[in-house]
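Each chain is listed here by its residues.
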Amino acid sequence: LEIVYAFTKNEFFTYCYIVEEVSPENLLQDVLKRPKKIKAATLHYIKQTLSEEEDDDLVTTSTVMSLQCPVSYTRMKYPVKSIMCKHLQCFDALWYIYSQMQIPTWQCPVCQIDIDLKNLAICEYVDAILKSSDEEVEQVELSSDGSWVPVVEEATKPTEKQHSNAVVKTENSYDDYDKIPLSR
């Protein structure tokens, strides 16, 4: 193959690359095969972080962590972070890989450091929380000893019904109110 560009004194180089597109699912399998971020390392980080924030007047006893992916805003399935990241929050590996197909920044969505795919690791601690908590749980409160409890928002707490009958206004009613008994 010879390419001739006339009337110039500059040299140009032409490259041809043969590439193979790898699916996000296959890239995820590579991530899942790599060593994980062990639970003990995360527990040490939690204990260290909570003790660093102590001062004479205020003692931090817990912190809240989201189980939602900062990329997709859905519950994580594959909680990862780079081994270079210095934070607790994870993101979903598959959603992250898909997002990089759209806009390839290859930066951590939490701390914005550059990420090499080979440095992504599943966090065993967060993975265990995801597997043992209900699907509706979006956040957990972590204590310095590594224990956790789900954070229940006020709006999602079930309220006790105090009345067995209620007055309900219907949209297509010509009367002001239709009385409809509501059962428990």
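Preceding this section is the structure that the text describes.
Quick summary incoming for the structure in this document. Keep in mind it's a predicted model, so treat the numbers as computed, not measured.

1. Topic: the overall build of the protein
Reasoning step 1: Across its full length, the protein carries four helices and eight strands.
Reasoning step 2: Reading the secondary structure of the protein in the N-to-C direction produces α-α-β-β-β-α-β-α-β-β-β-β.
Reasoning step 3: Put simply, the protein has 184 residues, and 28% of those count as buried.
Reasoning step 4: When contacts within the protein are restricted to residue pairs at least 6 apart in sequence, long-range pairs at least 24 apart make up 55% of them.

2. Quick word on the sheet that holds strand E3 (residues 91-92)
Within a sheet, neighbouring strands are paired by backbone hydrogen bonds and run either parallel or antiparallel to one another.
Reasoning step 1: Pairing is antiparallel in the open sheet, where three strands are placed in the order E3-E2-E4. Since the sheet does not close on itself, it has two edges, and those belong to E3 and strand E4 (120-122), each with one partner.
Reasoning step 2: Relative to E3, strand E2 (residues 79-82) is paired through two bridges, and the arrangement is antiparallel. Residue pairing in the sheet places Val 80 in a bridge with Phe 91 of E3.

3. Some points on helix H4 (residues 124-132)
Reasoning step 1: Among the residues making up H4, those that are buried are Tyr 125, Val 126, Asp 127, Ile 129 and Leu 130.
Reasoning step 2: If you follow the buried residues of H4, they end up packed against helix H2 (39-52), strand E1 (62-66), E2, E4, strand E5 (139-143) and strand E6 (148-150).

4. Let's talk about the nonpolar core
Reasoning step 1: Met 65, Phe 91, Leu 120, Val 126 and Leu 142 are the most contacted members of the largest nonpolar core, which has 30 residues in total.
Reasoning step 2: Each residue touching Phe 91, except ones within four places of it in the same chain, is listed here: Cys 69, Pro 70, Met 76, Tyr 78, Pro 79, Val 80, Lys 81, Tyr 96, Cys 108, Pro 109, Ile 115 and Leu 120.

Rules used throughout
- Residues numbered from 1 in each chain as written.
- Predicted model: local features only at pLDDT ≥ 70, side-chain atom pairs only at ≥ 80, totals over all residues.
- Heavy atoms only, no water.
- Helix = DSSP H or I, 4+ residues; strand = E, 2+ residues; numbered from the N terminus.
- Buried < 20%, exposed > 50% of the residue type's maximum accessible area, 1.4 Å probe, protein only.
- Contact = heavy atoms within 4.5 Å.
- Pairing = 2+ DSSP bridges.
- Core = buried A, V, L, I, M, F, W, Y, C linked by side-chain atoms within 4.5 Å.

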